Amino acid sequence: MPGIDKLPIEETLEDSPQTRSLLGVFEEDATAISNYMNQLYQAMHRIYDAQNELSAATHLTSKLLKEYEKQRFPLGGDDEVMSSTLQQFSKVIDELSSCHAVLSTQLADAMMFPITQFKERDLKEILTLKEVFQIASNDHDAAIHRYSRLSKKRENDKAKYEVTEDVYTSRKKQHQTMMHYFCALNTLQYKKKIALLEPLLGYMQAQISFFKMGSENLNEQLEEFLTNIGASVQNVRREMDSDIETMQQTIEDLEIASDPLYVPDPDPMKFPVNRNLTRKAGYLNARNKTGLVSSTWDRQFYFTQGGNLMSQARGDVAGGLAMDIDNCSVMAVDCEDRRYCFQITSFDGKKSSILQAESKKDHEEETAARVNQSALEAVTPSPSFQQRHESLRPVGQSRPSTARTSSSGSLGSESTNLAALSLDSLVAPDTPIQFDIISPVCEDQPGQGKASGQGGRRTNPFGESGGGTKSETEDSILHQLFIVRFLGSMEVKSDNNPDVVYETMRQILAARAIHNIFRMTESHLLVTCDCLKLIDPQTQVTRLTFPLPSVVLYATHQENKRLFGFVLRTSGGRSESHLSSVCYIFESNNEGEKICDSVGLAKQIALHAELDRRASEKQKEIERVKEKQQKELSKQKQIEKDLEEQSRLIAASSRPNQASSEGQFVVLSSSQSEESDLGEEGKKRESEA
């Protein structure tokens, strides 16, 4: 390394112009060093900030990968292969995050600390000394100027002394400050090289250490894992490309085939009217009155299901009932100068609706579909509904295409046909479906009484429950009330599998759609630690009571969270010789999961209460046994004490008898005679024992 230029410290007292000129060069060099080092500091600080951001981002990435399995994606949320793969990636990235954190710490210690010290300490010291030296130099010049102005004719010893002392002090201060300033500038030439090389050395050593840690973590097992993942990604990409190609071809075919359908009113010669339709779906304009003479037209999607006209807004999952079209009348009408309008009037004439089709073809097909549909005996549920519930069925089971019988007849025969079509081993064959609950003012039927756990008594129609029921409800820890609507119940063969509830939901909903049953009884479901109660919301009469220990299974629908059901195990049913299980299905206001959680909480509380009761009874039994043993022990001690007293009395009575046998007479008092009698009785007791 070449020699370092220095300022001559020994020439500071002389303060020659050459020295001041050389000082200016060194000051200019210090300014250049300060500007350069500030730029280098900013660049290195960007490296440090970027490394910190990379470490934090890597840690966040690892955290998000770990939380992937907790996410609830509407599509593909149960991909276990993807979850396990991302878990493996999260472990590797977490290790890399640790390496990045170590690198950040090393950069802070080995790179940022030296250059920060040089910038904040050394460069600021130079600036401070420069200001102090400038002040001292100005003070010295002022003192010399005052000294030079001393009068030669009027000498004043005091003024001369003061000026001389001022020159002495200022020159000494300038000399000392200048020497320290020169020393700092000379030292700066060394510190400059250290401040340049030490941070770079620390940066390279930190990077080398980081790469070593990375090479240790990237073992052969990880390389094999990455190779497998790369192959999987390529397979997915090939599958995606193939699927995209298929979809593009489908799009092209549909564009060619659908070109004539873009016309709102196609040519009837090319697209003839199909008058044999029994089902029809599509968009219609519905007329809604907003006043006496004003009205609006809303475009909605309509479809026929069973004997009903259903409407469904865009974005809704399912449709709602718009109108009952069994035995309805359909006729073309003129309305507000619009084309293809028709009016549907219910069979009783109380309700009518005016709709507008988009084309003449749709207008005639809508009319034909309603006429043909009214002639059908039964209609199966909509395909979307059926496909949704088919996914709940066990794999391998199939449903034969058996035709349904006439919808007329008793409710038991209708549900029998439905069970025959189901062929599901979870539901008992020939099982009737109950779509409503018994009125609270009627006598409970035997089967209903067994199902509800109330016996055969009459329910009070004025809402006054018995004292025992009230006390049980008030003593319960848990009280949660939900609004529910009863859909139906039926007997099932199994009560240990949630598929029983799903299958019962499917059959009851299908039966309601087939038989056009849309009325549902609304009740308040009260969940307590003892039972579940269905309460009339108006009269507060308890309609049904389900003992909580008899509720052995409960579940909510996997897709429609409003639907939930539970299985009640009863000591009877159609056969009194064995236990039977009945599944009850309800609809709630988006609270199915909450109700199931509440029932589960009630069962847990009841379980803990029962365990506490048993433990308390066991403790009481132990205390009774201890108390009985204590009494026996006390009695035994009392007997021993009595025996000791009797033996003492016998010994005392034997001594007078010996004296009388020698010819002497002893007169006993009445108390002594009584004691002797007691002694004889004690001997008899001992002999008997």
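J.: So what exactly am I meant to see when it comes to the confidence of the model for the chain here?
T.: Detailed reading of the predicted model is not advised wherever pLDDT is low. Considering every residue of the chain, the mean pLDDT works out to 78; 77% of them sit at 70 or more. The least confident element of the chain, judged by mean pLDDT, is helix H6 (residues 383–390) at 38; the most confident is helix H1 (residues 17–66) at 93. The model gives residues 439–472 a pLDDT under 50, and that stretch makes 46 contacts with residues more than four places away or in other chains. In the predicted structure, residues 659–674 sits below a pLDDT of 50 and forms 1 contact with residues beyond four places in sequence or in another chain.

J.: When you look at the side chain of Ser137 in this model, what are you seeing that I'm missing?
T.: Structurally, Ser137 can be placed in helix H2 (residues 80–148). Of the polar contacts made by the side chain of Ser137, one reaches the side chain of Arg20; its length is 2.8 Å.

J.: What is the right way to look at the sheet that holds strand E5 (residues 329–332) in this model?
T.: Think of a sheet as strands paired side by side through backbone hydrogen bonds, with each pair either parallel or antiparallel. Across the sheet, 7 strands lie side by side as E4-E3-E2-E1-E7-E6-E5; this open sheet has antiparallel pairing. For this open sheet the edge positions go to strand E4 (320–324) and E5, each flanked by a neighbour on one side alone. Neighbour-to-neighbour, the strand axes of the sheet open up by a mean angle of 40°, direction not taken into account. Relative to strand E6 (residues 341–345), E5 runs antiparallel, the two being bridged by 4 bridges. Counterpart to Val330 in the pairing with E6 is Ile344.

J.: Please clarify how the packing of H1 against H2 should be interpreted in this entry.
T.: Geometry of a packed helix pair, given as the angle between the helix axes and the separation of the axes. Two elements in contact, H1 and H2, have axes whose closest approach is 7 Å; the angle formed by their N-to-C orientations is 160°. Considering the angle they form, H1 stands roughly antiparallel to H2. When the axes of H1 and H2 are compared, the crossing they make is left-handed. The class makeup of the residues in the contact of H1 with H2 is 26 nonpolar, 17 polar and 6 charged.

J.: Looking at this model, I keep getting lost on the packing of aromatic side chains. Mind explaining?
T.: When we look at a pair of aromatic rings, we describe it by the centre distance and by the angle of the planes. Summed over the entire model, instances satisfying the criterion amount to 12 aromatic pairs. With a centroid separation of 6.4 Å and an interplanar angle of 45°, the aromatic rings of Phe486 and Tyr584 are classed as tilted. Highlighted residues: Phe486 in strand E8 (residues 480–492) and Tyr584 in strand E14 (residues 580–588), separated in sequence by 98 residues. Per residue, the accessibility class of Phe486 equals that of Tyr584, and both read buried. Measuring from ring centre to ring centre gives 5.8 Å for Phe566 and Phe586, while their planes differ by 20°; the resulting arrangement is stacked. Remark: Phe586 occurs in strand E14 and Phe566 occurs in strand E13 (residues 563–570); sequence separation between them is 20 residues. For the pair Phe566 and Phe586, a shared accessibility class is recorded, and that class is buried. What links up through ring pairs into an aromatic cluster is the set Phe486, Phe546, Phe564, Phe566, Tyr584 and Phe586. Of note, Arg299 hangs over the ring of Tyr283, and the distance from its end group to the ring centre comes to 4.4 Å.

Cut-offs used in this document
- Residues numbered from 1 in each chain as written.
- Predicted model: local features only at pLDDT ≥ 70, side-chain atom pairs only at ≥ 80, totals over all residues.
- Heavy atoms only, no water.
- pLDDT = per-residue confidence, 0-100.
- Helix = DSSP H or I, 4+ residues; strand = E, 2+ residues; numbered from the N terminus.
- Contact = heavy atoms within 4.5 Å.
- Polar contact = N/O pair within 3.5 Å; in protein donor to acceptor, adjacent residues only side chain to side chain.
- Pairing = 2+ DSSP bridges.
- Axes fitted to C-alpha atoms, helices over the stretch in contact; angles between N-to-C directions.
- Parallel < 35°, antiparallel > 145°, perpendicular 65-115°, else oblique.
- Left-handed = near helix turned anticlockwise from the far one by under 90°.
- Nonpolar A, V, L, I, M, F, W, Y, C, P; charged D, E, K, R; others polar.
- Phe/Tyr/Trp six-rings, centres within 6.5 Å; stacked < 30°, edge-to-face > 60°.
- Buried < 20%, exposed > 50% of the residue type's maximum accessible area, 1.4 Å probe, protein only.
- Lys NZ or Arg CZ within 6 Å of the ring centre and 35° of its normal.

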